[in-house]
Structures are given as C-alpha cells and as structure tokens.
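So the chains spell out like this:
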Amino acid sequence: QVQLVESGGGLVQTGGSLTLSCEASGNIFSIGVMVWYRQAPGKQRELVAEVGSLGNTNYADSVKGRFTITRDHDKNTVALQMNSLRTEDTALYYCQADGLVLMGDYISDYWGQGTQVTVSS
C-alpha cells in the first residue's frame, strides 16, 4: 500500500523559514515527478513546485527565488525549503507523486494528506 506522508508544517512569522518533507513508501520502484501543491481557504489548489526524475524543477512565479524543491531518489522523499515566507503563503500544502512504478503495479498519481503552513504578520 502506497503512502505519502508530509511533515514540517507549522506556524511561522513573516520572513521566517520552514522546510516541508514528504516521504513516499510502499514497494515503490520509481517515481516520475514529485510535486508540492497548496490550497488556501477559499482558493483553488495551485502548483507550488515540482521536480522531475532527472532533477528538473519548475516553480510558481509567486515562490521563485524563495522556495527550493529537492528530492532524494533513493529514499523517495521530496523537500520544500521555504524562505522569506509571506502571509499569502499560508495554506494547506500537499505532496503529490506522479508515475509511481511499484513492484507489479503502476499508479498514475497519488496524494498526501497535507500539512498546514501558517504565516503570521
């Protein structure tokens, strides 16, 4: 059974930093793209950052220069280092994995439960 477990959320003041982590487990052979999304109250879920299997990255314009996404293929983990946080970064942050190749199975995409990030002024 596949699991994506996020951690690292919390309450931080404007200008502060947080690092989110996500670990995928469950007989996983490989993962294509690992993505961080976020959803603020009353808003649509939006892509924050993604990292492909070759290490290629993509960021939302609103976080470029402030957030850094990294992944560890051996551990099936992805991290999101968030610096210079703003109140508008407050949201529930989700980890998503695309293209999971399992031992004898394939899952096109899988989501974690989310971790809350709250930035106070």
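Here the structure is shown first, and the text comes after it.
Every value quoted in this text rests on a predicted model; they were computed, and no experiment measured them.

**Details of the packing of aromatic side chains**
Within this structure, the stated rule accounts for two aromatic pairs. A centroid spacing of 4.9 Å and a plane angle of 45 degrees characterise the contact between Tyr37 and Trp111, whose relative ring orientation is tilted. Of this pair, Tyr37 sits in strand β4 (residues 28-39) while Trp111 sits in strand β10 (residues 105-111); the two residues are 74 residues apart in sequence, bridging distant segments of the chain. Pairing Tyr94 with Trp111 gives two aromatic rings, centres 6.3 Å apart and planes at 80 degrees, and the pair type is edge-to-face. Of the two residues, Tyr94 is situated in strand β9 (residues 91-102) and Trp111 in strand β10; the sequence distance between them amounts to 17 residues. With a relative accessible area of 12%, Tyr94 lands in the buried category. With a relative accessible area of 29%, Trp111 lands in the partly exposed category. Counting every residue linked through ring pairs, the aromatic cluster contains Tyr37, Tyr94 and Trp111.

Parameters and conventions
- Residues numbered from 1 in each chain as written.
- Predicted model: local features only at pLDDT ≥ 70, side-chain atom pairs only at ≥ 80, totals over all residues.
- Heavy atoms only, no water.
- Phe/Tyr/Trp six-rings, centres within 6.5 Å; stacked < 30°, edge-to-face > 60°.
- Helix = DSSP H or I, 4+ residues; strand = E, 2+ residues; numbered from the N terminus.
- Buried < 20%, exposed > 50% of the residue type's maximum accessible area, 1.4 Å probe, protein only.

This is a description of form; function is not addressed.
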